[in-house]
Amino acid sequence: MRLGLVLSLLAFACGGTDPGPTSAGATSQPLANEPAYAALAAESRDAVDRSPVPVLLLPERYAPDAQVMAGPRWLAIAYSKDGLTLSLHATDVAVNALSEEELQRVEPAPHRVRGVPARTTVNDGIRAVTWEHEGVAYSLEVECADVLEDERCAAPTFALSLADELVALPETFERGARRAGGAQ
Amino acid sequence: MIREASVTRDVPHHAFDAHRSKRDVSRARSSNLGFGFAVSITLVAITLGIALALALPGVARAQFTYADPGTLMAPSGGAPRVGAGRVDRNVYAPGMLFPMEGLAWANSQIYGYGGYMGPGGGQCDSRNYRYPWYDNYCEERSWEMPLCPGGRGHQGQDIRPETCRDKAHWAVAATDGMITSIGTYSVYLTADDGTRYDYLHMDPATLAVSRGQRVRRGQRLGLVSDAFGSSSTSIHLHFNIRKFVAGVGTVYAPTYMSLIESYREHIGAATPDWRAEYVNQTFPLASRPFELAPGEEVEGHLEMRNTGAQPWRPGEVFLGTSNPRDATSAIASAGWVSGNRAATVDRVVAPGETGRFVFTVRAPDAPGDYPQFFNLLRETVAWFSDGGGPRDDILQVRVTVVAPACPAGLGEAWACDGPERRRCVGGTLEREACAMGCGDGVCLEAPRDDDGDGHNSSVDCDDARADVFPGAVETCGDAVDQDCDGADLPCDGDDGGVALADAGVRDDAGDATLPDDARTVKGGCAAGGSGAELSGLLGLLLLARRRRARASRRAS
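Residues numbered from 1 in each chain as written. Chains lettered and ligands numbered in written order. Predicted model: local features only at pLDDT ≥ 70, side-chain atom pairs only at ≥ 80, totals over all residues. Heavy atoms only, no water.

**Quick word on the state of the cysteines**
All names here are of chain B.
Part 1 of the reasoning: Evaluation of the coordinates by the stated rule reveals eight disulfides over all chains.
Part 2 of the reasoning: Here cysteine 124 connects covalently by a disulfide to cysteine 164, the sulfurs 1.9 Å from one another. The S-S bond linking cysteine 124 to cysteine 164 shows a torsion near -70 degrees; that makes this disulfide left-handed. Residue cysteine 124 is found in the loop between strand E1 (105-106) and strand E2 (157-160), and its partner cysteine 164 is found in the loop between E2 and strand E3 (170-172); the two are separated by 40 residues along the sequence. (Disulfide = S-S within 2.5 Å. Helix = DSSP H or I, 4+ residues; strand = E, 2+ residues; numbered from the N terminus.)

Written out as structure tokens, the structure reads:
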């Protein structure tokens, strides 16, 4: 309880950020009390703790069957059940592959999730939503066993709403900010 | 235009045994038989494999060709579409391992044989299993893709395995990493640097990995199949490279060049001596109109990158006509090296550098369509299509000659217009240059000198007589205007009467001479009875003048 209070105070004192002022699913709860976190398996919670980038979790209802994995420069969350596969990928490693001229020609992202511009696409039937937040690129993929009929893959609606529903963990965002500050 | 020669010979299935990658040789060591027997069998297999490989040296290596990035296959077997996809030569995954065992064929699943927009046949058509590779990143799809022309297209690369057999060929880990997702028909491998490699359509029942498992580079992941959830697709591996591209976000990055580089390493392909890759051109692409008026000339250039092992030198590497090779081109201009050699490279171009071929095309006089294929060659040594590319039917300048419209009032009859003549036939303007000028709709002919006297018909008043020309010696009274001044020269004392027919003779040289008696000018140098009468009259006139003169002296 004391730990939770201290964490909350730290979150407010350090100005912990959510990925977007209007995002649903943002939590101010201590990490340990966040249902979407608490419902994860122990290994997944460890991965959250080790994540090098700010963490967004799948909503609580997916947590018992979700798996969180973390690498040196990435975070991944996977869920696969009843013909639905969800994959969240986050990394802060960017490549500068486009010239200034081409960057100017790139169309602006037409959607918004979590208060920031977002793009959607399809890749061999797999719906994807992508957005950035403070130097981290997030990608959420939705794959359906029933490629042709499942509405969750037939349109980007489900993927966009799920992206908004992801649960941000402020502590991990603060950790990311501290890391960025230290790097400077 | 562009790119890559192909050896259209199919690679026979047994070539797999002869050209196994190093990974395959190492796996051959495992066996379900007794250890000693297994080792013996394995050693025999390895020896045979090596022997076969040595006996057919570099078959797969020498044959590997690929179209330029961004060159897409076309519907119904049409000509490849250069630049229709994304022209991106970045290797987004440098150092990655080719993600499949054995030989592989990267091409379109929809425009290839058996594809719903292909030239017919089935997916196992042997023509799907041969080089050259074709890019299919940004192939037509409705998928949003900010890196594709038009903002939409296929993402990733479709790759057919060595043969059309289902669940017979392994997909392998392109790098060390972790399996971060397994879906109904997808497997994601995430590398330590955050790059994700997606493998789609493997057989889910025989996957060799599990979610959360760390894998090593080259480790088998699953068997290439046609899995597509509740549906199915063709037997192929759909391979993605998922990257965070600055300014765009996480995208399915262009995969083609990473696959090419890794495949070359995979099969041990040696760099051909003579090979080129399209860079750009100033002439319109063959798919776009390039209309010229008859005789019109346009200068442009083609830039090619040296992707071979040898440098290009001016006077050695040329842009020649191809398909067929060495044919004299209808669009050649006077500036070409020859009728079938448009240009040589502009400078010494080392491997990896880009050279330019500058040349002028001339529109033929007759309206029509004039496609001309080109290719590079090292003169007397090799055409680039024989070594590594491009193919002879890729580089093209396509001129469409359009006759200008007829001006108002011009009919079918020729009419002069300055130094040329024109007419309008069937709504098409016809023009003809007149070297000697135009008169009354007719091109004037060049003056001739038929008599060879050094003066042509424009000045020679009698081009049939060599003694008649301006400045010639005039013979008086012969009724011939030798000097072309407009009249015969009258002899001395001539009363101005009409010159009569010459009574003179010609000497042995053909020169006219007057008879001795004609010099006395008898009524215009005429001979005959009338001359006597005129002489008497002249004598009376002289006598009369003498008498008046004496009378005048007496009076003074």
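**Re the environment of aspartate 146 of chain A**
Residue and element names in this part refer to chain A.
Part 1 of the reasoning: When you line up the elements, aspartate 146 lands in the loop between strand E9 (136-144) and helix H5 (151-154).
Part 2 of the reasoning: Distance from aspartate 146 to leucine 84, taken between C-alpha atoms, is 8.8 Å for residues 62 residues apart in sequence.
Part 3 of the reasoning: Looking at aspartate 146, its side chain comes within polar contact range of the main-chain nitrogen of glutamate 149, at 3.1 Å. (Polar contact = N/O pair within 3.5 Å; in protein donor to acceptor, adjacent residues only side chain to side chain.)

**A few points about the nonpolar core**
Residues and elements named next belong to chain B.
Part 1 of the reasoning: Trp133, Tyr197, Tyr199, Phe239 and Tyr263 are the most contacted members of the largest nonpolar core, which has 46 residues in total.
Part 2 of the reasoning: Looking at this core, the elements that each hand over two or more residues are E1, strand E4 (177-182), strand E5 (186-190), strand E6 (196-200), strand E11 (237-245) and helix H5 (256-267).
Part 3 of the reasoning: Per element, the largest residue contribution to this core is six residues, and it comes from H5.
Part 4 of the reasoning: Non-local contacts of phenylalanine 239, meaning those with residues more than four positions away in its chain, are made with Met96, Pro99, Gly156, Gln157, Ile159, Ala174, Tyr197, Asp198, Tyr199, Thr255 and Leu259. (Core = buried A, V, L, I, M, F, W, Y, C linked by side-chain atoms within 4.5 Å. Buried < 20%, exposed > 50% of the residue type's maximum accessible area, 1.4 Å probe, protein only. Contact = heavy atoms within 4.5 Å.)

**Details of the packing of aromatic side chains**
Residues and elements named next belong to chain B.
Part 1 of the reasoning: Taken as a whole and judged by the stated rule, the model has 22 aromatic pairs over all chains.
Part 2 of the reasoning: Between tryptophan 105 and tyrosine 131, the aromatic rings sit 4.7 Å apart at their centres with planes inclined by 50 degrees, giving tilted as the arrangement. Taken together, the residues span a long stretch of sequence, with tryptophan 105 in strand E1 and tyrosine 131 in the loop between E1 and E2 at a distance of 26 residues. Residue tryptophan 105 shares its accessibility class with tyrosine 131, and that shared class is buried.
Part 3 of the reasoning: On the basis of an interplanar angle of 50 degrees and a centroid distance of 6.3 Å, the ring pair of tryptophan 312 and phenylalanine 357 is categorised as tilted. Of this pair, tryptophan 312 sits in the loop between strand E15 (297-306) and strand E16 (317-322) while phenylalanine 357 is found in strand E18 (residues 354-362), placing the two residues 45 residues apart along the sequence. Of the two residues examined, tryptophan 312 and phenylalanine 357, each falls in the buried class.
Part 4 of the reasoning: Stacked on the ring of tryptophan 143, the Lys or Arg arginine 141 has its end atom at 5.5 Å from the ring centre.
Part 5 of the reasoning: The positively charged end of arginine 160 is found above the aromatic ring belonging to tyrosine 129, 5.9 Å away from the centroid. (Phe/Tyr/Trp six-rings, centres within 6.5 Å; stacked < 30°, edge-to-face > 60°. Lys NZ or Arg CZ within 6 Å of the ring centre and 35° of its normal.)

**Topic: the confidence of the model for chain B**
Residues and elements named next belong to chain B.
Part 1 of the reasoning: Looking at chain B, the pLDDT average stands at 81 and 77% of residues meet or exceed 70.
Part 2 of the reasoning: Considering only residues more than four positions removed or in separate chains, one finds that residues 45-58, a stretch of pLDDT under 50, has seven contacts.
Part 3 of the reasoning: Note that pLDDT drops below 50 for residues 495-508; the model gives that stretch 23 contacts with residues more than four away or on any other chain. (pLDDT = per-residue confidence, 0-100.)

**Focus: the confidence of the model for chain A**
Part 1 of the reasoning: Across chain A, pLDDT averages 84, with 79% of residues at or above 70.
Part 2 of the reasoning: Contacts from residues 1-25 of chain A, a stretch scored under 50 in pLDDT, to residues over four places away or in other chains number 38 contacts.

**Focus on the interface of chain B and chain A**
Part 1 of the reasoning: Between chain B and chain A, the residue contacts involve 46 residues of the former and 49 residues of the latter.
Part 2 of the reasoning: Summed over both sides, the interface between chain B and chain A buries roughly 3,800 Å², with carbon and sulfur atoms accounting for 53% of that surface.
Part 3 of the reasoning: Sorting the residues of chain B by area buried against chain A places Glu144, Arg211 and Phe244 of chain B first, and these three jointly supply 18% of that buried surface.
Part 4 of the reasoning: Linking chain B with chain A are three salt bridges, by the criterion used here.
Part 5 of the reasoning: Put simply, arginine 242 of chain B and glutamate 141 of chain A hold a salt bridge, and the shortest N to O gap is 2.6 Å.
Part 6 of the reasoning: There are 26 residue pairs in polar contact (both at pLDDT 80 or more) connecting chain B and chain A.
Part 7 of the reasoning: When contributions to the side of chain B that touches chain A are tallied by element, the ones reaching two or more residues are E4, E5, E6, E11 and strand E12 (249-253) of chain B. (Buried area = accessible area lost by both parts, 1.4 Å probe. Salt bridge = Lys/Arg side-chain N within 4 Å of Asp/Glu carboxyl O.)

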